[in-house]
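Analysis of the macromolecular model
Listed below, chain by chain, are the residues.
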Amino acid sequence: MHKQLAISLDTPFKQEVYEGLTSYPKFLSSKYIYDEAGDKLFQNIMDMPEYYLTNTEYDILEQNKTDLAQIFGCGKKPFHLIEMGAGDGKKTKILLRHFTEQNLEFIFRPIDISQNALNQLQNNLKTEIPQLRTEPLQGTYFETLQKLNLSTDERKIILFLGSNIGNLCHEEAVEFLSQIQEYMQPEDLLFIGFDQKKNPETILNAYNDETGITAKFNKNLLVRINKELDANFNVDEFKHWEVYDPETGTAKSYLVAKSPQEVFLQALDLHVSFKAWETIHTEISQKYDDNTVQWLAEQSNLTIVDEFCDQKKYYKNYLLKKS
Ligand SMILES: C[S@@+](CC[C@H](N)C(=O)[O-])C[C@H]1O[C@@H](n2cnc3c(N)ncnc32)[C@H](O)[C@@H]1O
């Protein structure tokens, strides 16, 4: 029960911010980082040399696009190419261009929580691949699948790139994969990027750049709360802190209060106190090995049918179907 009954928590954003900032320890969901500023900051992250994920997956797609056209096209049968959390489609465009050149018959259906990301992607695709049919859908992973409203005889290829799955803890990942599995028909395929366990230093550096882009990215949560919920976070009084546990494979991002402080969120009529060095957990970026991916697949009634890897074995894309 929320004690401030006078205030209506009428959006998921308000509800989740309220829950996260009144819990102990405090937390906020990374999905709310992505507004116009957050989308731009993530593009800056993808350009950082430390953020190896983008280039490795880019190379995997570039090197395997011919095979993927055959597998997804399955004898030139039409299909819906659904991408969860598409972002700016930087890597997906490799496939979109190639599939279009190969005259595959498909509709691209990017899904993202950020309307800004979808608008930009659609505009770019109109000029870059004008013959492509694109039907974007705004919403969260969990709310959008049913809204696509596809009939059972329309083939679906579902993409989940960028190791976005790593933003879900294992329990949420199983719930999400199970939902996708229920939505799939035997002919449908799921193609997912899983960032692999590797030298912990390489992983930590990817989320802890010296120029502070990742810090700004995480702090965009507070900037957004200030803007949209009339709050007064002093963003400079929070320090971005990253940890990586090589045993569990979990990288965790925090914003840590550098001093005791009081914050007021007018739209929620909520006062929040921070003790010095108190944390807000903002994101997880899970790293995987084959055993873990196999376990996730089994738990979700999915079967791994193929996998694609880069030379350094930093990153893998797995192809899954319904068991
Ligand atoms: C880390 S970026 C990756 C973008 C793209 N998949 C790539 O590999 O470059 C994550 C994207 O997923 C979107 N996103 C994050 N959480 C989401 C959620 N729960 N539901 C829908 N979209 C989400 C964000 O808006 C963002 O565009």
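Rules and cut-offs
Residues numbered from 1 in each chain as written. Predicted model: local features only at pLDDT ≥ 70, side-chain atom pairs only at ≥ 80, totals over all residues. Heavy atoms only, no water. Buried < 20%, exposed > 50% of the residue type's maximum accessible area, 1.4 Å probe, protein only. Helix = DSSP H or I, 4+ residues; strand = E, 2+ residues; numbered from the N terminus. Contact = heavy atoms within 4.5 Å. Near = heavy atom within 4 Å. Polar contact = N/O pair within 3.5 Å; in protein donor to acceptor, adjacent residues only side chain to side chain. Areas by Shrake-Rupley, 256 points an atom, 1.4 Å probe, with all protein chains shown as cover. Nonpolar A, V, L, I, M, F, W, Y, C, P; charged D, E, K, R; others polar. Salt bridge = Lys/Arg side-chain N within 4 Å of Asp/Glu carboxyl O. Axes fitted to C-alpha atoms, helices over the stretch in contact; angles between N-to-C directions. Parallel < 35°, antiparallel > 145°, perpendicular 65-115°, else oblique. Left-handed = near helix turned anticlockwise from the far one by under 90°. Pairing = 2+ DSSP bridges.

**Some details on helix 1 (residues 12–21)**
Listed in full, the buried residues belonging to helix 1 are Phe13, Lys14, Val17, Tyr18, Gly20 and Leu21. Elements in contact with the buried residues of helix 1: strand 1 (26–27), helix 9 (213–228), strand 10 (261–265), strand 11 (270–274) and strand 12 (279–286).

**Structural notes on the site of the ligand**
The immediate surroundings of the ligand are formed by 18 residues, with Gly85, Lys91, Asp112, Tyr141 and Gly162 found nearest. Contacts to the ligand include Lys91, whose side-chain N or O atom sits 2.6 Å from an oxygen atom. The backbone of Tyr141 places a nitrogen or oxygen atom 2.9 Å from a nitrogen atom of the ligand. The protein chains hide 93% of the 590 Å² of surface that the ligand would expose on its own. Across the shell around the ligand, the residue classes tally to seven nonpolar, seven polar and four charged.

**Section: the pattern of salt bridges**
All told, the structure shown has 20 salt bridges when counted by the stated rule. Measuring nitrogen to oxygen at the nearest pair gives 3.4 Å for the salt bridge that ties Arg109 to Glu135. Here Glu135 lies in the loop between strand 4 (133–134) and strand 5 (137–138) and Arg109 lies in strand 3 (residues 106–112), a separation of 26 residues in the sequence. Residue classification places Glu135 among the partly exposed positions, given a relative accessible area of 27%. The salt bridge involving Arg155 is made with Glu187; its shortest N-O contact spans 4.0 Å.

**Some details on the packing of helix 7 (residues 170–183) against helix 10 (residues 290–299)**
The relative placement of two packed helices is expressed as an angle between their axes plus a distance between the axes. Here helix 7 crosses helix 10 at 50°, and the two axes come no closer than 8 Å. The angle between helix 7 and helix 10 falls in the class oblique. Note that helix 7 runs across helix 10; the crossing there is right-handed. Counting all contacts with helix 7, which are made through His170, Ala173, Val174, Leu177 and Ser178, the residues of helix 10 involved are Thr292, Trp295, Leu296 and Gln299.

**Quick look at the sheet that holds strand 8 (residues 238–245)**
One open sheet holds the four strands; their spatial order is 1-12-9-8, and the pairing between them is mixed. In this open sheet, the two strands that pair with only one neighbour each are strand 1 and strand 8. In this sheet, strand 12 lies alongside strand 9 (residues 250–257) in antiparallel orientation, the contact comprising seven bridges. In the strand pairing of strand 12, Lys252 is matched with Ile284.

**What about the environment of Asp35?**
Structurally, the position occupied by Asp35 is in the loop between strand 1 and helix 2 (36–47). Sequence spacing of Asp35 and Arg224 is 189 residues, and the spatial spacing of their C-alpha atoms is 7.9 Å. Look past the residues within four positions of Asp35 in its chain and what remains in contact with it is Asn116, Asn220, Arg224 and Lys227. A polar contact is formed between the side chain of Asp35 and the backbone nitrogen of Gly38, at a distance of 2.9 Å.

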